[in-house]
Amino acid sequence: MLTVRGLSAGYDAVDVLHAVDVTARAGELTVVLGANGSGKTTMFRTISGILRPSAGSVEFDGTRLSGLPADGIVKAGLAHCPEGRHLFAKMPVEKNLLLGGYVRRRNRRRVHELLAHVYELFPVLHDKRHHPAGTLSGGQQQMVAIARALMSDPSLLILDEPSMGLAPLVTAQVLDAVAQINRDGIGVLLAEQNAQAALRIAHHGYVLAEGRVVLSGTATDLLDDPEVREAYLGV
Ligand code: ATP
């Protein structure tokens, strides 16, 4: 379980995230909704140790993450799939994936199991494993980014807007894969613009506005909430 308490963070000593409390329970899918600039990326980057918090704490399965280096956080079981994918475009798909397994390199057997598992989840990546990642379609590149994060053998996967820039049909495929990953027992913390599709696969959700949690509840409660329906579901 991930417990974020009173978390504040920002850029150049200016906080854009203000005293945020968020919990992502083990094995559940937790969605974070919010307009552009509401602080979702800043929250995720702070949880995974890329940004330093100015206040508050992040605990994962009882271990305090704040202060650990980013690779220590990955080793603790938390993988961050960033917005914008950040693949090595000229490197073959499989090399990109193996880089994701770098923190587990001492256990070669496990790395091979993980690779077989991500190819099962995304068969097209197996077909294209020798192709440079940059030659794949947008949806396939997003699959590489998710698969690379899974290669670190996480118990919690943090996914920042995986459907960014994708056509509706491809978005649906990516979110189906996210739901499958969660059914396989991996907890997911997901930021997603497609609020309705995200809430349908989620257990719990939070709504961020201007760096603060303004609403939270079960996915069903949020789907029924008049404010959420008006602001995020266009109903
Ligand atoms: P988006 O969906 O656009 O990524 P978001 O909810 O993830 O939105 P953040 O990216 O966390 O929001 O941005 C929160 C605030 O922090 C915004 O006002 C943004 O302009 C600011 N911000 C983000 N990145 C930086 C940066 N590198 N330097 C300075 N300010 C930043």
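Residues numbered from 1 in each chain as written. Predicted model: local features only at pLDDT ≥ 70, side-chain atom pairs only at ≥ 80, totals over all residues. Heavy atoms only, no water.

Peer 1: Please explain the overall build of the chain as it appears in this structure.
Peer 2: Helix and strand counts for the chain stand at 10 helices and 10 strands. Here the C-alpha radius of gyration of the chain, 17 Å, is about what a compact globule of 235 residues would show, namely 18 Å. When its C-alpha atoms are laid out on the principal axes, the chain stretches across 45 × 40 × 30 Å. For the chain, the residues scored as buried account for 48% of the 235 residues in total. (Helix = DSSP H or I, 4+ residues; strand = E, 2+ residues; numbered from the N terminus. Rg over C-alpha atoms; globule rule 2.2 N^0.38 Å. Buried < 20%, exposed > 50% of the residue type's maximum accessible area, 1.4 Å probe, protein only.)

Peer 1: Honestly, the site of the ligand in this entry has me stumped. Any pointers?
Peer 2: The full set close to the ligand counts 13 residues, and Gly37, Gly39, Lys40, Thr41 and Thr42 are the nearest of them. Interatomic distance of 3.2 Å between a side-chain N/O atom of asparagine 36 and an oxygen atom of the ligand. Between the ligand and threonine 41 there is a distance of 2.6 Å, counted from an oxygen atom to a side-chain nitrogen or oxygen. For the ligand, the accessible surface in isolation is 630 Å², of which the surrounding protein chains cover 59%. At three residues, helix α1 (residues 40–47) tops the list of elements feeding residues into the shell around the ligand. Here the shell around the ligand is composed, by residue class, of three nonpolar, seven polar and three charged. (Near = heavy atom within 4 Å. Polar contact = N/O pair within 3.5 Å; in protein donor to acceptor, adjacent residues only side chain to side chain. Areas by Shrake-Rupley, 256 points an atom, 1.4 Å probe, with all protein chains shown as cover. Nonpolar A, V, L, I, M, F, W, Y, C, P; charged D, E, K, R; others polar.)

Peer 1: Just checking my understanding: could you explain the packing of helix α3 (residues 93–100) against helix α6 (residues 138–150) for this structure?
Peer 2: Two elements in contact, α3 and α6, have axes separated by 7 Å at closest approach and are oriented at 35°. Classified by chirality, the crossing of α6 by α3 is right-handed. Facing Val93, Asn96, Leu97 and Gly100 of α3, the residues of α6 in contact are Val144, Ala147 and Arg148. Tallied by class, the residues present in the contact of α3 with α6 amount to four nonpolar, two polar and one charged. (Axes fitted to C-alpha atoms, helices over the stretch in contact; angles between N-to-C directions. Left-handed = near helix turned anticlockwise from the far one by under 90°. Contact = heavy atoms within 4.5 Å.)

Peer 1: What is the right way to look at the sheet that holds strand β3 (residues 29–33) in this model?
Peer 2: Strand pairing in a sheet takes place through backbone hydrogen bonds and is either antiparallel or parallel in direction. Within the open sheet, the six strands sit side by side as β6-β7-β8-β3-β9-β10. Their pairing is mixed. Each edge of the sheet is formed by a strand with only one pairing partner; in this case those strands are β6 (78–81) and β10 (212–218). Neighbour to neighbour, the strand axes of the sheet diverge by 15° on average, direction disregarded. The pairing of strand β7 (residues 156–160) with strand β8 (residues 187–191) spans five bridges and is parallel. Residue aspartate 160 lies in a different strand from β8, and its bridge partner there is alanine 191. (Pairing = 2+ DSSP bridges.)

Peer 1: Looking at this model, I keep getting lost on the environment of leucine 121. Mind explaining?
Peer 2: Mapped onto the fold, leucine 121 is located in helix α4 (residues 108–121). Note on leucine 121: relative accessible area 18%, which makes it buried. Spatially, the C-alpha atoms of leucine 121 and arginine 85 are 18 Å apart, while their sequence positions differ by 36 residues. Setting aside chain neighbours within four positions, we find leucine 121 in contact with Leu150, Gln180 and Ile181.

Peer 1: Explanation requested: the nonpolar core in the structure shown.
Peer 2: Among soluble globular proteins, nonpolar side chains are generally buried collectively. Ranked by size, the top nonpolar core spans 48 residues in total, and within it Leu97, Leu125, Ile146 and Leu157 carry the most contacts. In terms of residue count, the dominant contributor to this core is α6 (seven residues). (Core = buried A, V, L, I, M, F, W, Y, C linked by side-chain atoms within 4.5 Å.)

Peer 1: It is not clear to me how the environment of arginine 110 should be interpreted in this structure. Could you clarify?
Peer 2: Turning to its location among the elements, arginine 110 is positioned in helix α4. For arginine 110, a relative accessible area of 28% corresponds to the partly exposed category. Note: C-alpha distance between arginine 110 and methionine 143 (33 residues apart in sequence) is 20 Å. Within the local environment of arginine 110, its side chain forms a polar contact with the side chain of glutamate 113, the two groups lying 2.6 Å apart.

Peer 1: Is there a simple way to think about α3 in this case?
Peer 2: Structurally, the α-helix is built with 3.6 residues per turn, so residues lying three or four positions apart point the same way. Of the positions making up α3, those classed as buried are Val93, Asn96, Leu97 and Gly100. Projected down its long axis, α3 shows its buried positions confined to an angular sector of 100°, all on one face. Buried positions along α3 lie against α4, α5 (123–127) and α6. (Arc of directions from axis to C-beta.)

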